[in-house]
Amino acid sequence: MSEMMRVENIAKSFTLHVQQGAVIPVFKNINMTMNAGDCIALTGASGAGKSTFMRMVYANYVCHEGNIFVRHLNDWVDMVHAEPHTILNVRRHTLGYVSQFLRVIPRVSTLDVVMEPMKIFGIAAEEAQVKAEGLLARLNIPPALWSLSPLTFSGGEQQRVNIARGFATEYPIMLLDEPTASLDAENKAIVLDLITEAKDRGTAILGIFHDAAARDAICTSEFDISQYRVASDA
Amino acid sequence: MTPQDPLLTVRDIAVHYGDRVGCEQVSFDLFPGEVLGIVGESGSGKSTLLNAVSGQLLPSAGSIHYNTRLSDVREIYEMSEPERRFLMRTDWAFVHQNPRDGLRMGVSAGANIGERLMGVGWRHYGEIRGTAASWLGKVEIADDRMDDTPSTFSGGMQQRLQIARNLVSGPRLVFMDEPTGGLDVSVQARLLDLLRGLVADLNLSVVIVTHDLAVARLLSHRLMVMQGGRVVESGLTDQVLDDPQHPYSQLLVSSILQV
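This section reports on the structure supplied with the text.

1. Details of the overall build of chain A
Right, on to step 1. Looking only at helices and strands, chain A features seven helices and nine strands.
Right, on to step 2. In terms of overall dimensions, chain A is globule-like: its C-alpha atoms have a radius of gyration of 18 Å, near the 17 Å expected for 234 residues.
Right, on to step 3. In chain A, of all internal contacts separated by at least 6 residues, the share reaching a separation of at least 24 is 69%.
Right, on to step 4. For chain A, the exposed surface amounts to about 10300 Å²; the carbon and sulfur share of it is 50%.
Right, on to step 5. Averaging the locations of the 20 positively and 26 negatively charged side chains of chain A gives two centres separated by 4 Å.

The structure is reproduced here in structure tokens:
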């Protein structure tokens, strides 16, 4: 099994300067590894820091100790210490992240939103369009909506657009923050199929799944983040 | 030049206005295709820094090296004045907050675009006019407005014309000072969408000054937060906005009004 990600001795705290410099310790000593084809479920109660940890892996949040090594084009990149342009390269080619919320520019069509990461990845426009249309159709977004901005869509539709965008590019490593929340049973099954297909291709997946049935169906192991949580004295 | 080499290397730039500090100890690298946002409140030194790195304001200290098309790295203030001027109208572009500062208000829209082309040696009238028309189309200005002067345009149209005038000569590095500043929200969204598309399609490197964090998030890959003339925090745009470390960055982010 080839190793795709290695988290070593990660610690994190938040310092709130606007609130008299209050320090909120969050984690210490997180260690984990992820191999190609793994689908690891991040578990822990609400507020345990699952999304925070995921954002740390994506270098969206700063880590104060430790290293997060990600295999990027046969090299190891430390997401904690890498330069911004290296991190952007890792995000373009290696590390995908499907957040809970879709953040888009007003006026940009749904099709363009889904095609954008493929264009950045370097996929030709025609091919990207075919793939985007296929994914949107598969996720039950009616073609009549493809030319509209997703900002006007319902929550579930927006989430499916977000998933189409995330799965359009075949990243070797994917972070999924509650990809099936707010979806009905039919669409949930489609998303679980997409995740299974990615896993079968050898994608290493770290996900947050509140739905126990979904978790049992697709995950190869669980990682309980609450054991690394530092109790706040405040 | 390999993609790993920075296009612009800025080291320890300082600008002093007499005893006052414009900016100090600013260093950064800008890579090809990268958009760097500079944020901070009025008076934090953003525009001073932008003017210094874009060759318009001689810094009191520090160096600015630019990787030219000929793959030699040159210090921009050690160039001769004509060399620097040539660079500024060919390889570089500057989009001002107020379109009146970047346009000739008395000549037609087509001539505003054509002038940049003539500056780089174009002489064929038909080609110049054709290219100007195609750029008007790219910035969503109808071609029947080509012979009108910008003074008859709305603010948003003027700003789009200024962008066309700047990009027509195929620059590699674009400096922008609050490009969406004076525009109303709907016009701003349209301009942002347009700018983002052009930056990606043309693989431009951009240094953009803005006080609007939403604009910074949409356009820039990397952010520098300035306060009192110094860079207090820099990093990936989403990291600086979602997990700011410096007290001033936290104050800035927490001051955004929710719509």
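Moving on from the coordinates now.
2. Here we look at the sheet that holds strand β5 (residues 75–78) of chain A
Pairing between the strands of a sheet comes from backbone hydrogen bonds, and it takes one of two forms, parallel or antiparallel.
Residues and elements named next belong to chain A.
Right, on to step 1. Ordered by their spatial adjacency, four strands build an open sheet running β2-β1-β4-β5, and the pairing between neighbours is antiparallel. Each having just a single partner strand, β2 (22–35) and β5 make up the two edges of the open sheet. On average, adjacent strands in this sheet sit at an angle of 25° to one another, irrespective of strand direction.
Right, on to step 2. Of the pairings in the sheet, the one linking strand β1 (residues 3–16) to β2 comprises ten bridges and is antiparallel in character. Each bridged residue has a counterpart across the sheet, and for Arg6 the counterpart in β2 is Thr33.
Right, on to step 3. Those strands touched by helix α2 (residues 84–93) are β4 (65–72) and β5, and its axis lies near 50° from that of β4.

3. Things to note about the interface of chain A and chain B
Right, on to step 1. In this complex, chain A contributes 24 residues to the contact, which on the side of chain B involves 23 residues.
Right, on to step 2. The contact between chain A and chain B buries some 2000 Å² in all, and 57% of this surface belongs to carbon and sulfur atoms.
Right, on to step 3. For chain A, the biggest contributors to the area lost against chain B are His17(A), Ile105(A) and Arg107(A); these three give 29% of the whole.
Right, on to step 4. At the junction of chain A and chain B, the tally comes to five salt bridges.

4. A closer look at the packing of aromatic side chains
Right, on to step 1. Within the structure shown, the criterion is met by eight aromatic pairs over all chains.
Right, on to step 2. Note on Phe223(A) and Tyr228(A): the rings are 5.5 Å apart at their centroids and 20° apart in plane angle, and the pair reads as stacked. Like Phe223(A), the residue Tyr228(A) is buried in the burial classification.
Right, on to step 3. Ring centres 5.3 Å apart and planes at 70° place the aromatic pair Trp92(B) and Phe175(B) in the edge-to-face group. Of the two residues, Trp92(B) is situated in strand β6 (residues 92–95) and Phe175(B) in strand β7 (residues 173–177); the sequence distance between them amounts to 83 residues.
Right, on to step 4. Judged by its relative accessible area of 2%, Trp92(B) is buried.
Right, on to step 5. Under the relative-accessibility criterion, Phe175(B) is labelled buried at 1%.
Right, on to step 6. Through a chain of ring-to-ring contacts, three or more aromatic side chains come together here, namely Phe27(A), Phe53(A), Phe223(A) and Tyr228(A).
Right, on to step 7. The residue whose ring lies beneath Arg6(A) is Trp76(A), and the NZ or CZ to ring-centre distance is 4.9 Å.
Right, on to step 8. Of note, Lys138(B) hangs over the ring of Trp135(B), and the distance from its end group to the ring centre comes to 4.3 Å.

5. Structural notes on the packing of helix α4 (residues 125–138) of chain A against helix α5 (residues 155–168) of chain A
Residue and element names in this part refer to chain A.
Right, on to step 1. With their axes 9 Å apart at the nearest point, α4 and α5 run at an angle of 140° to one another. Taken as axis vectors, α4 and α5 run oblique relative to one another. Of the two elements, α4 crosses α5, and the hand of that crossing is right-handed. On α5, the residues that touch Lys131, Leu135 and Leu136 of α4 are Val161, Ala164, Phe167 and Ala168.

6. Details of the pattern of salt bridges
Right, on to step 1. A complete count under the given rule lists 26 salt bridges over all chains for this structure.
Right, on to step 2. A salt bridge links Glu116(A) to Arg196(B); the nearest nitrogen and oxygen atoms lie 2.2 Å apart. With Glu116(A) in helix α3 (residues 110–121) and Arg196(B) in helix α7 (residues 185–201), the pair connects residues from two separate chains.
Right, on to step 3. Between Asp147(B) and Arg129(B) there is a salt bridge whose closest N-O contact spans 3.1 Å. Linking Asp147(B) in the loop between α5 (125–138) and α6 (155–167) with Arg129(B) in helix α5, this pair joins segments that are 18 residues apart in sequence.

Reading the values: rules and limits
- Residue numbering note: each chain is counted from 1, following its sequence as written.
- Written order decides the labels, with chains lettered from A and ligands numbered from 1.
- In keeping with the predicted nature of the model, local features appear solely for residues at pLDDT of at least 70, side-chain atom pairs appear and are counted solely at 80 or more, and the whole-chain, interface and lining totals rest on all residues.
- Only hydrogens and water are set aside when side-chain values are computed; all heavy atoms of the structure are taken into account.
- Labels follow the DSSP assignment, with helices taken as runs of H or I lasting at least four residues and strands as runs of E lasting at least two, numbered in each case from the N terminus.
- We compute the radius of gyration over the C-alpha atoms and compare it with the globule rule, which gives 2.2 Å times the number of residues raised to the power 0.38.
- Two residues qualify as a contact provided that any one of their heavy atoms is within 4.5 Å of a heavy atom in the partner residue.
- Reported accessibility uses the Shrake-Rupley method at a 1.4 Å probe radius. Residues are deemed covered only where the shown protein chains occlude them.
- The positive count covers Lys and Arg only, the negative count covers Asp and Glu only, and His and the chain ends enter neither.
- A single reference atom marks each charge: NZ on Lys, CZ on Arg, CG on Asp, CD on Glu.
- Between any two strands, at least two bridges found by DSSP are needed for them to pair.
- Axis lines are fitted to C-alpha atoms, over the contacting stretch for helices. Their N-to-C directions set the angle, which ranges from 0 to 180 degrees.
- As used here, buried area is the combined drop in accessible area, with a 1.4 Å probe, of two parts when they are placed together.
- By salt bridge we mean one thing: a side-chain nitrogen of Lys or Arg within 4 Å of a carboxyl oxygen of Asp or Glu.
- Only the six-membered ring of Trp is used, alongside the rings of Phe and Tyr, when aromatic pairs are assigned; centres must lie within 6.5 Å, and planes under 30 degrees apart are stacked while those over 60 apart are edge-to-face, with the rest tilted.
- Exposure classes here rest on a 1.4 Å probe applied to the protein chains alone. A residue is buried below 20% of its type maximum, exposed above 50%, and partly exposed in between.
- The rule is short: NZ of Lys or CZ of Arg within 6 Å of the ring centre and within 35 degrees of the ring normal puts a charge over the ring.
- Note on terminology: angles under 35 degrees are roughly parallel, angles over 145 are roughly antiparallel, angles of 65 to 115 are roughly perpendicular, and the others are oblique.
- Crossing chirality is assigned from the near helix's rotation relative to the far helix, an anticlockwise turn below a right angle marking it left-handed and a clockwise turn marking it right-handed.

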